[in-house]
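Each chain is listed here by its residues.
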Amino acid sequence: MSDPVFVLGGGAWGTALALHAARTGAQVHLWARNAQTLPNGAMPRLPDYPLPPTVHPCSTLPQVTPRCVMVAVPTQYLASVLPLLPSGVAAILCCKGIERQTLAFPLDILARERADVPGAVLCGPNFAREIAAGLPAAAVLAAPDATRAQNLSTQLSTPLFRLYASTDCVGVQLGAAAKNVIAVASGVTIGAGLGENARAALITRGLAEITRLATALGGQAATLAGLAGLGDLLLTCTGASSRNYQMGLALGQGMSTQTALNSLPGVAEGVTTAAALQSLARTHGVETPITDCIAAFMEGRITLPQATHSLLSRPLKSEA
Ligand SMILES: NC(=O)c1ccc[n+]([C@@H]2O[C@H](COP(=O)([O-])OP(=O)(O)OC[C@H]3O[C@@H](n4cnc5c(N)ncnc54)[C@H](O)[C@@H]3O)[C@@H](O)[C@H]2O)c1
Ligand SMILES: O=P(O)(O)OC[C@H](O)CO
């Protein structure tokens, strides 16, 4: 029997990844702070998907060496679970965000906390519920080392969940984090009744903004046109089940940031990422008008009409 897979995080994404890893034939140990399942054997965040016998929920990991560890907790809590990682075993970070206090991406947090653990990231257009259901999907698995990226993507791919290997960790992580901010803005656009034309323009200019910042940080523009960039941007800005989109929708309908957050079925990474992204952009001298507006709007520094006016009154310029 092959080595098991560990998954850290019993929320929607960790649970979906555990179900996926079980489909590769692995025994899966799904670590959660509260590993209690529902009466039907499902985890609370994905109540319609009972765990198969090969997925073992736990609050203490077994003393065995896994093949790899997948980590799916919100970015702000990533550092707190890293002590659980076994030394020398690849950790695939599956969160999409930036640490607010340090402006660090997930792989930087891993390098800072656990230099003994080889890292990779997995990002793409993937709603947890659809991965849990085994519907077809694709994502990018990026690592600084090409062989590691290739080996992990081969090990963890199935015919229904295709993982493309990459070494552009900056582009993948930036795309994954920033799409959540643009998705909040997209929800605001629809919630405020600004229309589908406005949303399409926002997604397109959002991609331009993300690509500008990613390339300034050393990422590749092609990565932002791929699954972790455009792919995830499209899904999260248009898919009604996105928590980031739902957050924006509620804000656009006039709800306060805190009330909207409280009403969400899970984390909306875009809320903390907006300010972090804005700080990163300022440090690198990159213009990010959509991110700036959504960060200011969520913090209550500007009203929705002011945010809209600020975006629409920018000087006209060439598209490229
Ligand atoms: N849900 C999805 O469809 C999806 C898909 C791809 C990526 N992601 C990303 O995965 C990450 C986790 O999202 P999710 O959907 O599983 O979130 P969720 O809201 O469903 O679950 C929250 C998770 O955070 C953990 N958590 C909460 N507070 C914590 C703390 N103080 N310390 C440690 N852990 C804590 C919970 O135990 C749980 O695992 C996010 O970065 C998200 O962007 C989610
Ligand atoms: O529900 P969201 O907005 O966190 O989006 C989930 C995934 O990131 C989509 O790829």
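Reading guide: rules and limits
- Residues numbered from 1 in each chain as written.
- Chains lettered and ligands numbered in written order.
- Predicted model: local features only at pLDDT ≥ 70, side-chain atom pairs only at ≥ 80, totals over all residues.
- UniProt positions renumbered as here; feature names shortened; annotations may be inferred.
- Helix = DSSP H or I, 4+ residues; strand = E, 2+ residues; numbered from the N terminus.
- Buried ≥ 20, exposed ≤ 12 C-beta atoms within 10 Å, placed from the backbone.
- Contact = placed C-beta atoms within 7 Å.
- Expected span 1.5 Å × (residues − 1).
- Pairing = 2+ DSSP bridges.
- Right-handed = clockwise from strand over helix to strand, strands pointing away.
- Near = placed C-beta within 6 Å.
- Nonpolar A, V, L, I, M, F, W, Y, C, P; charged D, E, K, R; others polar.
- Domains from an automatic or database assignment.
- Axes fitted to C-alpha atoms, helices over the stretch in contact; angles between N-to-C directions.
- Core = buried A, V, L, I, M, F, W, Y, C linked by C-beta atoms within 7 Å.

Peer 1: What's the story with the UniProt feature "binding site: NADPH" (unreviewed entry) in the chain in this structure? I'm lost.
Peer 2: When the UniProt feature table is mapped onto this chain, "binding site: NADPH" (unreviewed entry) is found at Trp 13, Arg 33, Lys 96, Ala 128, Arg 243, Val 267 and Glu 269. Structurally, Arg 33 is set in the loop between strand E2 (28-31) and strand E3 (55-58). For Arg 33, a count of 12 C-beta atoms within 10 Å corresponds to the exposed category. Tracing the backbone through its elements, the reader meets Glu 269 in helix H12 (residues 269-283). Residue classification places Glu 269 among the buried positions, given that 25 C-beta atoms sit within 10 Å. Not counting residues within four places of it along the chain, the set of residues in contact with Glu 269 comprises Pro 74, Thr 75, Lys 96, Gly 97, Asn 180 and Asn 244.

Peer 1: What is the right way to look at H12 in this model?
Peer 2: Three- or four-residue spacings in an α-helix give side chains the same orientation, since the helix completes a turn every 3.6 residues. With 15 residues, H12 should cover 21 Å at 1.5 Å per step; its first-to-last C-alpha distance of 21 Å lies within 8% of that length. Those residues of H12 not exposed but buried are Glu 269, Gly 270, Val 271, Thr 272, Thr 273, Ala 274, Ala 276, Leu 277, Leu 280 and Ala 281. Where H12 is buried, its residues meet helix H6 (169-191), helix H7 (196-216), helix H10 (243-252), helix H11 (257-262) and helix H13 (289-298). Just beyond H12, the residue with positive phi is Gly 285, at close to 65°.

Peer 1: Help me understand the pairing of strand E7 (residues 137-142) in this model?
Peer 2: Residues in a regular strand point their side chains to alternate faces of the sheet. Counting buried positions over the 6 residues of E7 gives 5, a clear majority of the element. Inspection of the sheet shows strand E6 (residues 119-123) paired to E7 by 3 bridges, in the antiparallel sense. Along E7, the bridge assignment pairs Cys 123 with Val 140. The pairing of E7 with strand E8 (residues 161-166) spans 6 bridges and is parallel. Its bridge partner lying in E8, Ala 138 is registered against Arg 162. This β-α-β element, E7 to helix H5 (residues 146-156) to E8, shows right-handed connectivity.

Peer 1: Please explain the site of ligand 2 as it appears in this structure.
Peer 2: Surrounding ligand 2, one finds Lys 96, Pro 125, Asn 126, Phe 127, Asn 180, Ala 183, Asp 232, Leu 235, Thr 236, Ser 242, Arg 243 and Asn 244. Elements represented by at least two residues in the shell around ligand 2 include exactly H6, helix H9 (227-238) and H10. Per element, the largest residue contribution to the shell around ligand 2 is 3 residues, and it comes from H9. Among the residues forming the shell around ligand 2, the class breakdown is 4 nonpolar, 5 polar and 3 charged. Composition of the shell around ligand 2 by domain shows at least three residues from each of domain 1 (5-167) and domain 2 (177-312).

Peer 1: So what exactly am I meant to see when it comes to the sheet that holds E8 here?
Peer 2: In sheet architecture, strand pairing relies on hydrogen bonds along the backbone and comes in two forms, parallel and antiparallel. Across the sheet, which stays open at both edges, the 8 strands sit in the order E3-E2-E1-E4-E5-E6-E7-E8 with mixed pairing between neighbours. The open sheet has two edge strands, E3 and E8, and neither has a second partner. Strand after strand, the sheet turns through a mean of 25° between neighbouring axes, direction not considered. Of the pairings in the sheet, the one linking strand E1 (residues 5-8) to E2 comprises 4 bridges and is parallel in character. Pairing of Leu 8 across the sheet is with Trp 31, part of E2. Relative to the sheet, H6 contacts E6, E7 and E8, its axis offset from that of E6 by approximately 45°. Running at roughly 145° to E7, H9 makes contact with E6, E7 and E8 of the sheet.

Peer 1: Would you explain the nonpolar core in this entry?
Peer 2: Side chains that are nonpolar tend, in soluble globular proteins, to be buried together. Core analysis: the largest hydrophobic core is formed by 107 residues, its most contacted members being Val 7, Met 70, Val 71 and Ile 92. Top contributing element to this core by residue count: H6, with 14 residues. A domain-level breakdown of this core finds at least three residues from each of domain 1 (5-167) and domain 2 (177-312).

Peer 1: What is the right way to read the UniProt feature "active site" (unreviewed entry) in the chain from this model?
Peer 2: In the numbering adopted here, UniProt assigns the feature "active site" (unreviewed entry) to Lys 179. Non-local contacts of Lys 179, meaning those with residues more than four positions away in its chain, are made with Asp 232, Leu 233 and Thr 236.

Peer 1: Explain the site of ligand 1 here, please?
Peer 2: The environment of ligand 1 is made up of 26 residues, and the closest members are Gly 11, Trp 13, Cys 95, Ala 128 and Gly 266. For the shell around ligand 1, the secondary-structure elements that each account for two or more residues are helix H1 (12-23) and helix H2 (78-81). The element best represented in the shell around ligand 1 is H1, accounting for 3 residues. Considered class by class, the residues forming the shell around ligand 1 number 13 nonpolar, 9 polar and 4 charged. Mapped onto the domain boundaries, the shell around ligand 1 takes at least three residues apiece from domain 1 (5-167) and domain 2 (177-312).

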